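# Observations on the three-dimensional arrangement
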Amino acid sequence: MGGRIEGTGDDARILCFDPRSGERRAEVPCTPPGAVAGLVERARAAQDAWFELGLDGRRRAVAELHRAFLARADEVVALLAEECGRPAGEAWTSEVVANHDLFRWWLGHVDDLLTPTPVDLDPLSYPRKRGAVRLLPRGVVGLITPWNLPVAIPLRTLVPALLAGNAVVFKPSEHSPRTGALLGELCAAALPEGVVTVVQGGAEQGRALVEARPDALVFTGSARTGRAISEAAGRLGLPVSLELGGKDAAIVLADAELDRAAAGVVWGAFAFAGQNCAAVERCYVDAGVFDAFVERVVERTRRLRPLADVGPLVTPEQLAIVERHVREAVAAGARALTGGRAEGPGLYHPPTVLVDVTEDMAVMREETFGPVLPIVPFERPEDAIAAVEASPWGLTASVWTRDLELGETLASNLSVGVATVNNHGFTGALPSAAWGGTKGSGHGVTNSRFALYELTRPQTVVVDAARGPRELWWYPYNDALARVASGMIALSRRGGERLQGLRAALSGFIHRWKDDP
Ligand code: NAD
């Protein structure tokens, strides 16, 4: 289910299955791997004219893309249901409303964000000079994405990359090729030819895209693929941004508003059927409120409706991982208070709350990427923090407490890319909030002004209107130059040294050119 690649070479195609029912829905031809390098070259040729269009022209085209995206929102939601089994409420909020905000934010802020920043040039040291740093596009951005948010993840790179003047060659996941094709179609209608190109297929096409040497690579996906891409990018000397998996923790303190914390953790764990890089995959709860919290979580989880509130897993491989994590945990002494076994329909796995888990279990260490919520009691908040810090992952984490100051202090000290107090994981939908991880979760940044550092390169241009024959620091080097420099440093010190510094600097200036008039 999801997508399955059949055939080889130029005849390969993706068979698309509905993960809710197993029904075959469509077929998408794969891009021949041998054609990918040519597509990158075509994008390179289109990029020049796209950049030359200027920011106003590019903004108009991206605004047109925004309008076209909204006009086909119903179709997007229907495709997300067929390809990913996504419940409608979830598809509308995470893949339509969030992307509407994304377009609006970038269209509204891009002028400021791309405005050149002046270089500070002290007129005494650097007379008659001016300079600025501007952000230039990288050129062709190779974009490789997963299936779990098949619209939002590509758009969070496409929109700023295009506004900055890049062309993009985009390879959607083989499990969401029709959503990828729809994005490609929208781009083709709104933008000049070749500015956005879609490459369809799986690992083979992904590798071909990397080997085609785009000017920058933006990858979102599993840690395993991220490592392979990073190695290839290192060999080819390509800049690469990696947004990888996670094992997010929620820490519930004794004074937390328990009803809110339970509702938030249930959503954080089971939205997207747990197939969310920022899903709550570990929940640490103060032992004093453990039973009351677990009771609330279980009660809320039992109310979730199959497919209407919690969708299916998207691939059989993912379902197998979820089943293994639950099976091994239960065999080692964990108890499933809800769910525990997949019984369909399709690839549906019921939301599963586990207790009596231990840190050595796979369900506590490896990314599960499914609807499983292990809950663990702690005696002291330090113990929970230590457990979170010991993890090789560092995407997001949350702290739940009524003491907002304490919550903020604890959250700020966690080694994660995004930390929230009394909420979890939703900030991926905030275009002005930087999104990215630490440690095994990668080093890429999407959203916010900081995403531009992945998609542009700063160029400094300095113009010197000085007409004099030379600069102070040019040849010849002599004692006078050393006196000027050391005198300037002494001037910035305190006390008597300042006067000495002034004297040394002045005498240096006077004698600076005595050997070279
Ligand atoms: P994946 O790594 O299997 O695939 C991601 C993409 O890489 C797909 O398009 C795939 O075809 C391509 N690919 C596979 N092998 C390749 C190779 N050798 N070279 C080039 N491309 C290759 O990941 P997935 O299963 O599609 O996605 C789930 C993972 O993504 C989870 O680990 C999840 O946590 C992570 N994720 C992270 C974020 C984030 O923002 N950090 C967001 C969403 C998902």
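It should be emphasised that the depicted structure is a prediction, and the values quoted were computed from it without experimental measurement.

Counted according to the given criterion, the structure contains six aromatic pairs. Ring geometry for Trp105 against Trp106: centres 4.9 Å apart, planes inclined by 85°, an arrangement best described as edge-to-face. Residue classification places Trp105 among the buried positions, given a relative accessible area of 16%. Trp106 sits in the buried class, given a relative accessible area of 0%. Arg470 extends its terminal NZ or CZ atom over the ring of Trp513, reaching a point 4.1 Å from the ring centre. Note that Arg512 overlies the ring of Trp513, its terminal NZ or CZ placed 4.0 Å from the centroid.

Another aspect to go through is the sheet that holds strand S14 (residues 352-355). Overall, mixed pairing links the seven strands, which are arranged S13-S14-S15-S12-S11-S17-S18 in an open sheet. The strands lining the two open edges of the sheet, one partner per strand, are strand S13 (335-336) and strand S18 (418-421). Lying on the sheet, helix H13 (residues 381-390) is in contact with strand S11 (248-252), strand S12 (280-286) and strand S15 (372-378); it crosses S12 at an angle near 165°.

The subject of this paragraph is the environment of Ala336. Structurally, Ala336 is set in strand S13. Between the alpha carbons of Ala336 and Thr352 there is a distance of 6.4 Å; along the sequence they are 16 residues apart. With residues near it in sequence (within four places) discarded, Ala336 still touches Thr352, Val353 and Leu354.

Take the pattern of salt bridges next. For the coordinates displayed, the defined rule picks out 33 salt bridges. A salt bridge links Arg44 to Glu41, with the shortest nitrogen-to-oxygen separation between them at 2.8 Å. Linking Arg44 with Glu41, this pair stays in helix H1 (residues 36-52), spanning three residues, or about one helical turn. The partly exposed category is assigned to Arg44, whose relative accessible area is 25%. Residue class for Glu41 comes out partly exposed when judged on its relative accessible area of 44%. Between Asp111 and Arg59 there is a salt bridge whose closest N-O contact spans 2.0 Å. With Asp111 in helix H4 (residues 88-114) and Arg59 in helix H2 (residues 54-71), this residue pair connects regions lying 52 residues apart in the sequence. What makes Asp111 partly exposed here is its relative accessible area of 34%. One network of salt bridges, in which partners are shared, links Asp18, Arg20, Arg25, Glu82 and Arg178.

Parameters and conventions
Residues numbered from 1 in each chain as written. Predicted model: local features only at pLDDT ≥ 70, side-chain atom pairs only at ≥ 80, totals over all residues. Heavy atoms only, no water. Phe/Tyr/Trp six-rings, centres within 6.5 Å; stacked < 30°, edge-to-face > 60°. Buried < 20%, exposed > 50% of the residue type's maximum accessible area, 1.4 Å probe, protein only. Lys NZ or Arg CZ within 6 Å of the ring centre and 35° of its normal. Pairing = 2+ DSSP bridges. Helix = DSSP H or I, 4+ residues; strand = E, 2+ residues; numbered from the N terminus. Contact = heavy atoms within 4.5 Å. Axes fitted to C-alpha atoms, helices over the stretch in contact; angles between N-to-C directions. Salt bridge = Lys/Arg side-chain N within 4 Å of Asp/Glu carboxyl O.

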